[in-house]
Amino acid sequence: MRRTAGLLLTLPLLLVVACSSSTKAAGPATPSAASAAPTVPAPVSEAPPMPTLSGGGFGSKATITIPEGQPSGQFVVNTVTEGERQTVNKGDWVTVNYTAKDWTTGKDLPSSYDPNGKPQLYQAGSGQLVPALDQSVIGKKVGSRLLVVAPPAAAFGEQGSTQLGVEKNDTVVFVLDIMESLAPDSTLTGTMTQPPPTLPQVKDNGKAPVTITIPAGQPAPTDLQQAVLIKGEGKQVKSGQTLVVQYTGVLWSNGQQFDSSWSHGGAQAVQIGTGSVIEGWDKGLVGQNVGSRVMLVVPPALGYQDKAQGAVPANSTLVFVIDILEAV
């Protein structure tokens, strides 16, 4: 939930935030480069001459060797090694590590495996990334390593990328490791523990918003309240990470639902610990484990304070149930 609206961060804004950070790994997500690119032809699986790979395999930085001769000009997506997990569908939240090289200049480009690098998290087929990332993963399995030869139309077009050091009309080679994929209707499963009776009770509804029942006659807490309903076993959430979450929010005053990820097409991505969301989320989610379902009772001081926001009156205590599906 953003500070200034009743909705979570939308994907374009999230990508702008990622690209303006000091993390070089966010480079391929440049929206302007993706939106300015011309129509991209359907990719092929082979078009000699092809780069060769050495070094480590899936999950480690690749060494890309450019062959003699000019690139074919075709958009190539070649499966180097095929994973054994689920297939990535359009609209899924996908996490990708990558190595990159400029074919035209021969320069190595920033990689997510670099010391300051970071995996790329995005919705496949959203059109917000360069096609080399946006389109290449669709139909591929999690755990796959892809070799992508991206002509300008599938890379940075006539604009290039000053952040990555790619000149206009350069052909770029990517090696993509598909680390994870989450469908928009993903939720957590498992035994759910109810919080104390002085806090709201929660009913799981499967692939639909949970039901949150406010305790009758109970005054709203004045401090942030946290309850872990399902304890995840994943990594701890750190400040500055981007989370994929499924969430529902209601008002303590009357139990009315005012927002839910399900109203926006399913799981959403938010940056946490950076002031991009209300303070109650920043304080309540940092340190939680991926795979956890967390209830937060957020007092006005850590929510919207004395400002009304859409269906949320001023000085409202807010109750959220949040599934933490991924953190990058």
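Only a predicted model underlies this, so the values are computations on that prediction, with no experimental measurement involved.

Rules used in this analysis
Residues numbered from 1 in each chain as written. Predicted model: local features only at pLDDT ≥ 70, side-chain atom pairs only at ≥ 80, totals over all residues. Heavy atoms only, no water. Helix = DSSP H or I, 4+ residues; strand = E, 2+ residues; numbered from the N terminus. Buried < 20%, exposed > 50% of the residue type's maximum accessible area, 1.4 Å probe, protein only. Contact = heavy atoms within 4.5 Å. Areas by Shrake-Rupley, 256 points an atom, 1.4 Å probe, with all protein chains shown as cover. 1 Å grid on protein atoms, 1.4 Å probe; cavity = no way out; pocket = protein on both sides within 12 Å on 5 of 7 lines; lining within 4 Å. Points joined across faces, edges and corners; volume = space filled by probe spheres on them. Nonpolar A, V, L, I, M, F, W, Y, C, P; charged D, E, K, R; others polar. Phe/Tyr/Trp six-rings, centres within 6.5 Å; stacked < 30°, edge-to-face > 60°. Core = buried A, V, L, I, M, F, W, Y, C linked by side-chain atoms within 4.5 Å. Pairing = 2+ DSSP bridges.

Chemist: Explain the overall build of the protein to me, please; I cannot follow it from the model alone.
Modeler: The helix and strand tally for the protein stands at 4 helices and 16 strands. By residue count, 52% of the 328 residues in the protein fall in the buried class. Taking the contacts inside the protein whose residues are at least 6 apart along the sequence as the reference set, 74% of them involve residues at least 24 apart. Within the structure as shown, the protein displays about 13600 Å² of accessible surface, and the carbon and sulfur contribution to it stands at 49%.

Chemist: Just checking my understanding: could you explain empty space enclosed by the protein for this structure?
Modeler: Rolled over the atoms, a probe sized like a water molecule indicates the empty space that remains. Enumeration according to the criterion identifies 1 cavity of 30 Å³ or more in this entry. Roughly 80 Å³ of volume is contained in the largest cavity. Considering the residues around the largest cavity, the lining is formed by 13 residues, among which Val210, Gln246, Trp262, Arg293 and Asp323 are closest to the centre. Listed by contribution, the elements that provide at least two residues to the lining of the largest cavity are strand 12 (242-251) and strand 16 (318-327). The element best represented in the lining of the largest cavity is strand 12, accounting for 3 residues. A per-class count over the lining of the largest cavity returns 6 nonpolar, 4 polar and 3 charged.

Chemist: Whenever I open this one, the environment of Trp281 confuses me. Can you help?
Modeler: Its place among the elements puts Trp281 in helix 4 (residues 279-285). In sequence terms Trp281 and Leu302 are 21 residues apart; their C-alpha atoms lie 8.4 Å from each other.

Chemist: Looking at this structure, how should I read the packing of aromatic side chains?
Modeler: For any pair of aromatic rings, the description consists of the separation of the ring centres together with the inter-plane angle of the planes. Scanning the model with the defined rule gives 3 aromatic pairs in all. With centroids separated by 5.6 Å and ring planes inclined at 80 degrees, the aromatic side chains of Tyr247 and Trp281 adopt a geometry described as edge-to-face. Of this pair, Tyr247 sits in strand 12 while Trp281 sits in helix 4; the two residues are 34 residues apart in sequence, bridging distant segments of the chain. Just as Tyr247 is buried, Trp281 falls in that class too. On the basis of an interplanar angle of 80 degrees and a centroid distance of 5.7 Å, the ring pair of Phe258 and Phe320 is categorised as edge-to-face. With Phe258 in strand 13 (residues 257-260) and Phe320 in strand 16, this residue pair connects regions lying 62 residues apart in the sequence. You can call Phe258 buried: its relative accessible area is 13%. One aromatic cluster is present, formed by Tyr247, Phe258, Trp281 and Phe320 through successive ring pairs.

Chemist: Please explain the nonpolar core as it appears in this structure.
Modeler: In globular proteins that are soluble, nonpolar side chains generally tend to be buried together. Judged by nonpolar contacts, the single largest core of 30 residues is most densely connected at Val94, Leu133, Val137, Val148, Phe156, Phe174 and Leu176. Where this core is concerned, the elements lending two or more residues are strand 4 (93-102), helix 3 (131-134), strand 7 (145-150) and strand 8 (172-182). Core analysis: the next-biggest nonpolar cluster, separate from the first, contains 25 residues, Leu224, Val237, Val245 and Leu296 among them.

Chemist: Any chance you could explain the pairing of strand 8 here in plain terms?
Modeler: Within a regular strand, the side chains alternate between the two sheet faces. The element strand 8 is largely enclosed, with a buried count of 10 among its 11 residues. Here strand 4 pairs with strand 8 via 10 bridges, running antiparallel. The residue of strand 8 that forms the bridge with Thr99 is Val175. Bridge count between strand 7 and strand 8: 6 bridges; the pairing is antiparallel. Residue pairing in the sheet places Ala150 in a bridge with Val172 of strand 8.

Bear in mind that shape data such as this cannot, by itself, settle questions of function.
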